[in-house]
Protein chains: 2
Amino acid sequence: MNNITIKTLAERLQVSVATVSKALKDSHEIGELTKQRVRQMAEELNYVPNLYASSLRRRKSKTIAVVLPEVADSYFSLAINGIESIAQKKGYHVLIYLTHENYRKQEEILKDFQSGRVDGVLMSTTTETTDHCHVVDLQISGVPIVFFDRVCEDIETAKITTNDFECGYIAGELLLKQGCKKIAFLSISSSLSISNKRANGFHKALADKNIKTSPKDIIDCKNDESFNYSHLKKILSHKNRPDGIIASVEKLTTTVYLVCKELNLRIPGDIKIISFSNLVSAPILNPSLTTITQPAFEMGAVAASILFKALEKPGFQLKKESMVIPSVLVERDSTK
Amino acid sequence: MNNITIKTLAERLQVSVATVSKALKDSHEIGELTKQRVRQMAEELNYVPNLYASSLRRRKSKTIAVVLPEVADSYFSLAINGIESIAQKKGYHVLIYLTHENYRKQEEILKDFQSGRVDGVLMSTTTETTDHCHVVDLQISGVPIVFFDRVCEDIETAKITTNDFECGYIAGELLLKQGCKKIAFLSISSSLSISNKRANGFHKALADKNIKTSPKDIIDCKNDESFNYSHLKKILSHKNRPDGIIASVEKLTTTVYLVCKELNLRIPGDIKIISFSNLVSAPILNPSLTTITQPAFEMGAVAASILFKALEKPGFQLKKESMVIPSVLVERDSTK
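Throughout what follows, the structure given in this document is the object of discussion.

**Structural notes on the sheet that holds strand β12 (residues 328-330) of chain A**
Residue and element names in this part refer to chain A. Sheet architecture is open: six strands sit in the order β7-β6-β8-β9-β10-β12, paired in mixed fashion. The open sheet has two free edges, formed respectively by β7 (218-220) and β12, since each of these has just one partner strand. When strand polarity is set aside, the average angle formed by the axes of neighbouring strands in this sheet is 20 degrees. Both strand β10 (residues 290-293) and β12 contribute to a ladder of three bridges, which runs antiparallel. Looking across to β12, one finds that I292 is bridged to L329. Each of β6 (183-187), β8 (244-247), β9 (272-276), β10 and β12 touches helix α8 (residues 164-177); the most contacted strand, β9, lies at about 170 degrees to it. The sheet strands contacting helix α9 (residues 193-208) are β6, β7, β8 and β9, and the helix crosses β6 at an angle near 170 degrees.

The structure is reproduced here in structure tokens:
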């Protein structure tokens, strides 16, 4: 594999990555002249031969890859179980690759897949990812990819998600009903579509009750536990602190609980907490945690089933297969 | 790869697997006549050519594999982070394979590695594994393997463990000091050496206080949550129930807490609990959980470092590199 990517072609031709991608796939959306220019440049830069070679090596490894930010999150470990339940039946190996929320790492992993190591890819993207050219390159090389949970909105393929906007709304609505006057939403990344959808849902719940919303309601957390701890400690020490918190990912919950413990803030008396979480220990936390519980196993299983359809049926249209599987609110003591 | 394994050779020759393994490695422990017989049979059955081929393909994939029972356990997710911290520096990919405690699956995965997919393997074995021929086959094929945490005692290679016996002792001693009269040890597998070492340490703590020990102190749990729940519920409903519990793995803790909740048993008033666990949520459980905390990240990092030594230095003696890294007792409310 040389270093020519779809981005190189787009830059040289001064057209968008999407145009190059569609031209190489011979899409009817692109004019014949543009297709010719793209093909010519691809040939000049030695890009096309890789494309042709790729079709020869497809479906040979009997292996699919799962690309994830981390496994120390019960959503992901359950989703893996769902994926493996399907792969097992199909006689496929499952390889798990961790990006640790690092964009460069994700890019590198996907590039490696172009060498034919795997037949297909299931992915939940990093919080850092904003440029998706490496995903398009993989698709062009003939390796199908299906997203679950954390999707890249602009990539044309199947995306298995849950009702994130609605759940953000439900979380906000519950805290308002329970008397919270100042609710904060803990975001994990402003470039992650699921995080934004949840935040927007929460803001809509406020707006529907004629409560003024502000970007300050959204607290940006990082992939760095000790940063999050001191950041949240500062915010919760303030006299005008929030009295309700929506944690957009599971791991922020432990941090919030520990900060509250240190500051002697009683949950739910002083502050109410709801988290997007699949923690099995939610009922035995002190106090037990109200959760938006995602259909993690099912999302993994559905994503894998759709990927196998693409591997088994030539010409299968992945982009028509997106699906939204709803989450469930489980009320416990932390929002009482 | 044909289906001839080291076990086939051993059976045909009516010698042990260890003998075949050593003979093929030209060990000084084996007589010249036996070596000749083994080599001859290996050649007849077309086993040796694979061995020769294997040396050609070693260290080509720039990939190591981590073979684990599951990722829904914070020990394993931390150990993976430790492994990746080293692999990253070395410029290697890390592939994670899950066995879900299934012996056949582990065997299948290791067989697949003989095709040269990975340069080296880090493994924590399944609870089911008692026959280790597939591990020897992998070694013979030229792929180095290092164990961490759950080791196969009879395989000659580096094993990175923690002080399991001592920690079982410490756990037993603490519960006795806190007044427990009837302590139960929850085992996850009687074929797993770490589980047995922990149980033996616990029994030694009882014996040192002249308390009679019995196999009945050890409660066999399974890789099946609902079985464990009803099994423990039955035991804890009995009027002669335990007043102290040592959970040998993290996931049993949640089950014990939930059973106690259902039966209205107060922790630590009615029953005290200590768990081998790396749960970040241990301090925020109700009540906070006393743990034996393993050096998970460090164990993963050390195991990976040793594997890389074997990949970088021809003739490196893995079996001389075993290491024991001690765990730490963290007392919290569940044993007060």
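Okay, back to it.
**Here's the deal with the pairing of strand β10 (residues 290-293) of chain B**
Across three bridges, strand β9 (residues 272-276) of chain B lies against β10(B) in parallel orientation. From the neighbouring strand, B:S275 faces β10(B), where its bridge partner is B:T291.

**Describing the packing of helix α5 (residues 74-90) of chain A against helix α12 (residues 296-312) of chain A**
All names here are of chain A. Relative orientation of the contacting elements α5 and α12 amounts to 40 degrees, with a least axis distance of 7 Å. If you check the angle between α5 and α12, you find them oblique. When you trace α5 past α12, the crossing you get is right-handed. Mapping the contact onto sequence places Y75, L78, A79, I80, N81, G82, I83, S85, I86, A87 and K90 in α5 and A296, F297, E298, M299, G300, A301, A303, A304, S305 and F308 in α12.

**Some details on unusual backbone geometry**
Each neighbour pair has its own omega, and for A:I267 with A:P268 the value is 0 degrees, a cis peptide bond. Residue B:P287 is bonded to the preceding B:N286 through a cis peptide linkage, with omega at 0 degrees. Within the secondary structure layout, B:P287 lies in the loop between β9 and β10. With a phi close to 50 degrees, B:H100 is a non-glycine residue in the positive phi region.

**A word on the pairing of strand β8 (residues 244-247) of chain B**
Residues and elements named next belong to chain B. The two faces of β8 match: G244 and I246 on one face and I245 and A247 on the other face are all buried. Strand direction decides the pairing type here: strand β6 (residues 183-187) and β8, joined by four bridges, are parallel. By the bridge assignment for β8, L186 is matched with A247. Of the strand pairs in this sheet, β8 and β9 are connected by four bridges, and their pairing is parallel. Across the sheet, residue A247 finds its bridge partner in β9, namely S275.

**A few points about the sheet that holds β9(B)**
Residue and element names in this part refer to chain B. Pairing in this open sheet of six strands is mixed, and the strands run β7-β6-β8-β9-β10-β12 from one edge to the other. The open sheet is flanked by β7 (218-220) and β12 (328-330), the only strands paired with a single partner. Put simply, the sheet's adjacent strands are angled 20 degrees from each other on average, direction ignored. Pairing analysis gives three bridges linking β6 to β7, with the strands arranged parallel. Of the residues in β7, the one forming a bridge with S187 is D220. Sitting on the sheet, helix α9 (residues 193-208) touches β6, β7, β8 and β9, and the angle it makes with β6 is about 170 degrees.

**Points about the relation of the copies chain A and chain B**
Mapping chain A onto chain B leaves a residual RMSD of 0.1 Å; the transformation is a rotation of 180 degrees accompanied by 0.0 Å of translation along its axis. Here the two chains are linked by the operation of a two-fold rotation axis. Both copies share a contact surface, since 100% of the interface residues of chain A are interface residues in chain B too.

**Topic: the interface of chain A and chain B**
In this assembly, 22 residues from chain A lie in contact with 23 residues from chain B. For the side of chain A that touches chain B, the elements supplying multiple residues, two or more each, are α5, β2 (93-98) and α11 (251-262) of chain A. The leading source of residues in the side of chain A that touches chain B is β2(A), at five residues. Across the side of chain A that touches chain B, the residue classes tally to 13 nonpolar, six polar and three charged.

Quick notes on the rules
Residues numbered from 1 in each chain as written. Chains lettered and ligands numbered in written order. Predicted model: local features only at pLDDT ≥ 70, side-chain atom pairs only at ≥ 80, totals over all residues. Pairing = 2+ DSSP bridges. Helix = DSSP H or I, 4+ residues; strand = E, 2+ residues; numbered from the N terminus. Axes fitted to C-alpha atoms, helices over the stretch in contact; angles between N-to-C directions. Contact = placed C-beta atoms within 7 Å. Parallel < 35°, antiparallel > 145°, perpendicular 65-115°, else oblique. Left-handed = near helix turned anticlockwise from the far one by under 90°. Buried ≥ 20, exposed ≤ 12 C-beta atoms within 10 Å, placed from the backbone. Least-squares fit on C-alpha atoms with pLDDT ≥ 70 in both. Nonpolar A, V, L, I, M, F, W, Y, C, P; charged D, E, K, R; others polar.

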